[in-house]
Amino acid sequence: MKFVRFSVNNETLAGVLTDQTIKVISGNIFSKWEYTDLTYNLGEVKLLAPLEPKHIIGIGANFVTKVEDLPAELPSIPVFFFKPTTSVIGPHDEIVIPEGIDEVKFESELAIVIGKEAKQVSEDDVLDYVFGYTIGNDVTASQFFHEAGHWTVGKAFDTFTPLGPVIETELDPLNVRVEAYLNGVEKQNSGTELMIVPIKKMISYLTNVMTLQPGDVILTGSPVGAEMVGEGNVIECEIKEIGNLKNTFVKVKKNVNAY
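Residues numbered from 1 in each chain as written. Predicted model: local features only at pLDDT ≥ 70, side-chain atom pairs only at ≥ 80, totals over all residues. Heavy atoms only, no water.

Concerning the overall build of the protein chain
Rule in force here: Secondary structure counts use DSSP, requiring at least four H or I residues in a row for a helix and at least two E residues in a row for a strand, with both numbered from the N terminus. Atoms counted for the radius of gyration: C-alpha only. Globule rule: 2.2 Å times residue count to the power 0.38. When accessible area is computed with a 1.4 Å probe and restricted to protein chains, residues below 20% of their type maximum are described as buried, those above 50% as exposed, and intermediate ones as partly exposed. Throughout, a contact is declared for two residues whenever any of their heavy atoms are within 4.5 Å. Accessible surface is estimated by sampling points in the Shrake-Rupley manner with a 1.4 Å probe; for residues, cover comes only from the protein chains shown. The charge count includes Lys and Arg as positive and Asp and Glu as negative, but it does not include His or the ends of the chains. By convention, charge coordinates are those of NZ in Lys, CZ in Arg, CG in Asp, or CD in Glu.
On a plain count of helices and strands, the protein chain comes out with two helices and 19 strands. Taking 259 residues into account, the globule formula puts the C-alpha radius of gyration at 18 Å, and the protein chain, at 18 Å, falls close to it. Out of the 259 residues belonging to the protein chain, those deemed buried represent 48%. Long-range pairs, those at least 24 residues apart, make up 73% of the contacts in the protein chain between residues at least 6 apart in sequence. Summing over all exposed atoms, the protein chain offers an accessible surface of approximately 12700 Å²; the carbon and sulfur share of this is 48%. The distance from the centre of the 21 positive side-chain charges to the centre of the 36 negative ones in the protein chain is 2 Å.

Points about the packing of aromatic side chains
Condition: Two rings from Phe, Tyr or Trp (for Trp, the six-membered ring) form a pair when their centres sit within 6.5 Å of each other. Planes less than 30 degrees apart are called stacked, planes more than 60 degrees apart edge-to-face, and all others tilted. Counting as a charge over the ring demands two things of the Lys NZ or Arg CZ atom: a distance within 6 Å of the ring centre and an angle within 35 degrees of the ring normal.
All told, the structure shown has ten aromatic pairs when counted by the stated rule. Aromatic pair phenylalanine 6 and tyrosine 40: ring centres 5.7 Å apart, planes at 65 degrees, arrangement edge-to-face. Linking phenylalanine 6 in strand E1 (residues 2-8) with tyrosine 40 in strand E4 (residues 33-41), this pair joins segments that are 34 residues apart in sequence. Each ring, one from tryptophan 33 and one from tyrosine 35, has its centre 5.2 Å from the other, and the planes form 85 degrees; the classification is edge-to-face. On the basis of relative accessibility, which here comes to 25%, the residue tryptophan 33 falls in the partly exposed class. Judged by its relative accessible area of 40%, tyrosine 35 is partly exposed. Connected via pairs of aromatic rings, a cluster forms that spans Phe3, Phe30, Trp33, Tyr35 and Phe131. One Lys or Arg, lysine 116, reaches over the ring of tyrosine 129 and ends 5.0 Å from the middle of that ring.

Notes on the nonpolar core
Under the convention used in this document: Think of a nonpolar core as a cluster: buried Ala, Val, Leu, Ile, Met, Phe, Trp, Tyr and Cys residues, connected wherever their side-chain atoms sit within 4.5 Å.
Phe6, Leu110 and Ile203 are the most contacted members of the largest nonpolar core, which has 55 residues in total. With four residues, the top contributor of residues to this core is helix H2 (residues 199-207). Here isoleucine 203 is in contact with Ile112, Ile114, Val126, Leu127, Val130, Leu212 and Ile218, once residues within four sequence places are set aside. Counting 15 residues, the second largest nonpolar core, distinct from the first, contains Phe3, Ala111, Ile167 and Val217.

Considering the sheet that holds strand E18 (residues 234-239)
Test applied: Here, strands pair whenever DSSP counts at least two bridges between them. Convention adopted: a line fitted to C-alpha atoms gives each axis, helices being fitted over their contacting stretch, and angles between N-to-C directions are expressed from 0 to 180 degrees.
What the five strands build is an open sheet, ordered E9-E19-E18-E14-E15; its pairing is mixed. Edge positions in the open sheet fall to strand E9 (94-97) and strand E15 (185-191), since each of these has one partner strand only. Between one strand axis and the next, the sheet turns through 20 degrees on average, direction left out of account. As paired strands, strand E14 (residues 177-182) and E18 are joined by four bridges and run antiparallel to one another. By the bridge assignment for E18, glutamate 179 is matched with glutamate 238.

Some thoughts on the pattern of salt bridges
Here is the rule we go by: Each reported salt bridge corresponds to a side-chain nitrogen of Lys or Arg within 4 Å of a carboxyl oxygen of Asp or Glu.
One pass over the structure, following the stated rule, counts eleven salt bridges. The partner of aspartate 69 in a salt bridge is lysine 66, and the shortest N-O contact between them spans 3.2 Å. With a relative accessible area of 35%, aspartate 69 lands in the partly exposed category. Assessed through its relative accessible area of 42%, lysine 66 is described here as partly exposed. With its nearest N and O atoms 2.8 Å apart, the salt bridge here joins glutamate 123 to lysine 201. Taken together, the residues span a long stretch of sequence, with glutamate 123 in the loop between strand E11 (108-114) and strand E12 (130-137) and lysine 201 in helix H2 at a distance of 78 residues. What makes glutamate 123 partly exposed here is its relative accessible area of 31%.

Quick notes on the pairing of E4
Bridge count between strand E3 (residues 21-27) and E4: six bridges; the pairing is antiparallel. Bridged to threonine 21 within E4 is asparagine 41. Between E3 and E4, which pair antiparallel and follow one another directly, the connecting turn spans five residues.

Observations regarding the side chain of aspartate 216
For clarity, the cut-off: We define a polar contact as two N or O atoms separated by no more than 3.5 Å, with the added condition that, inside protein, one atom must be a possible hydrogen donor and the other a possible acceptor, whereas residues neighbouring each other in sequence contribute only through side-chain atom pairs.
Of note, aspartate 216 is situated in the loop between H2 and strand E16 (217-219). Lysine 54 is the oppositely charged side chain nearest to the buried, salt-bridge-free aspartate 216, at an N-O distance of 6.6 Å. Only 2.9 Å separates the side chain of aspartate 216 from the side chain of histidine 55, close enough to count as a polar contact. Among the polar contacts listed, one links the side chain of aspartate 216 to the backbone nitrogen of glutamine 213, at a separation of 2.8 Å.

Here it is, written out as structure tokens:
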């Protein structure tokens, strides 16, 4: 199933997308929901980020170029970071480059959506706690990374986490390709077998550190090929089984009344 959130007639609704038709649903997608009598054509609505995440957790530096480059031993403590929920935008929304810099980096990623509370879960069982998958763009302003290695500020700006276009519940996350196209030119295209910390190990590790909750989103890392880009560029993050997440980079509009 492909779950979506969308706005139409000044109202925000949720639904299930089939071909070009959205069947509106009511309730909580993580517990109990049902179809309503409403339907919309996809062209009639504006798609939003497919969920309002509870938490957003990313993993850094998690792809190699080829299988032969995978390390013999995994890091004992993987590099994880949090992103604020205020950084989330949806398909076709603008990514705003912060004041004082001219470029930011796009990072196309497979995003995992947790469906039920998960604590101290084994690798063999973790996928039972996953609701579905979407596409994330972990936009980064590395100019704001702290000299001591802290990434939070550079990851946290408003608009820095595009998500969408759908949550796909029927997907094999171990057998997909993560792609990115900058102004129509391919920049990233890697399979998830090139992840340094595999998906099952990643989720299991997190559940032994913190309790994951329904609506938590895990950004699983970006393939080789991410670039710094400036105003006017168009980025399309794509996982064919999920869809295409397209956004345009713009410069921040200065507030003349700020002082």
